[in-house]
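Given next are the chains, with one letter for each unit.
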Amino acid sequence: MNVAELHLPAESAYVAVLRMTTAGLAARVDFTLDDIEEVRMAVGEACALVLPGAREDGVLRARFELGAGTIKVTVSADTDDSEGPDLDSFGWQVLAALVDDLAAGHRSGAHYVSFAVTSETA
């Protein structure tokens, strides 16, 4: 399994960079175009869940664990809020429909969302 990590300023302007990186990594593990779009959308929704509580000087982190036809993603952002992401939001519902092994919470001073996506061809 290969691991890739990306650290960016915790600002919504950088979500596009993260989504583009996600697409490139998904292509490397032979995801179909539909699978690539699903994981890109899931990363965008994960960012929408962790960024509202992010500190102004915080870091947006993405960790990708790449396997044969599978990507596990953890998106987190530094925060002073210990409540965790809003699990009643529309974004959470979208994520639940798109991914497997969905989890979210607060740890080590950051909100996080973690999920896995497996290619239809795997």
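Everything below is about the structure shown above.
Below: a short report on this structure.

## Quick look at helix H1 (residues 15–28)
Over its 14 residues, H1 runs 20 Å from end to end, which matches the ideal 20 Å to within 8%, given 1.5 Å per residue. Among the structural elements, strand E1 (2–9), helix H2 (33–50), strand E2 (59–67) and strand E3 (70–78) are those in contact with the buried residues of H1. Looking one or two places after H1, you find aspartate 30, whose phi comes out positive at around 65°.

## Things to note about the pattern of salt bridges
Under the definition given, this model contains seven salt bridges. As a salt-bridge pair, arginine 55 and aspartate 57 come within 3.3 Å of each other at their nearest N and O atoms. Given a relative accessible area of 60%, aspartate 57 falls into the exposed group. Note that aspartate 78 and arginine 61 form a salt bridge whose closest N and O atoms lie 2.8 Å from each other.

## Some thoughts on the side chain of aspartate 78
Relative to the elements of secondary structure, aspartate 78 occurs in strand E3. Of the polar contacts made by the side chain of aspartate 78, one reaches the side chain of arginine 61; its length is 2.8 Å. Discounting residues that sit within four places of it in the chain, aspartate 78 has contacts with Gly53, Ala54, Arg55, Gly58, Val59, Arg61, Gly109 and Ala110.

## What about helix H3 (residues 90–98)?
Every buried residue belonging to H3 is among Gly91, Trp92, Val94 and Leu95, and all of these are buried. Looking down the long axis of H3, one finds its buried residues gathered within 160° of arc, a one-sided arrangement. Of the exposed residues in H3, the ones pointing more than 90 degrees away from its buried face are Phe90 and Ala97. Residues of H3 that are buried in the fold lie against H2, strand E4 (100–107) and strand E5 (110–118).

## Observations concerning the packing of aromatic side chains
In this structure the tally under the stated criterion is zero aromatic pairs. Positioned over the ring face of tyrosine 112 is arginine 107, at 3.9 Å from the centre of the ring.

The rules behind the values
Residues numbered from 1 in each chain as written. Predicted model: local features only at pLDDT ≥ 70, side-chain atom pairs only at ≥ 80, totals over all residues. Heavy atoms only, no water. Helix = DSSP H or I, 4+ residues; strand = E, 2+ residues; numbered from the N terminus. Expected span 1.5 Å × (residues − 1). Contact = heavy atoms within 4.5 Å. Salt bridge = Lys/Arg side-chain N within 4 Å of Asp/Glu carboxyl O. Buried < 20%, exposed > 50% of the residue type's maximum accessible area, 1.4 Å probe, protein only. Polar contact = N/O pair within 3.5 Å; in protein donor to acceptor, adjacent residues only side chain to side chain. Arc of directions from axis to C-beta. Phe/Tyr/Trp six-rings, centres within 6.5 Å; stacked < 30°, edge-to-face > 60°. Lys NZ or Arg CZ within 6 Å of the ring centre and 35° of its normal.

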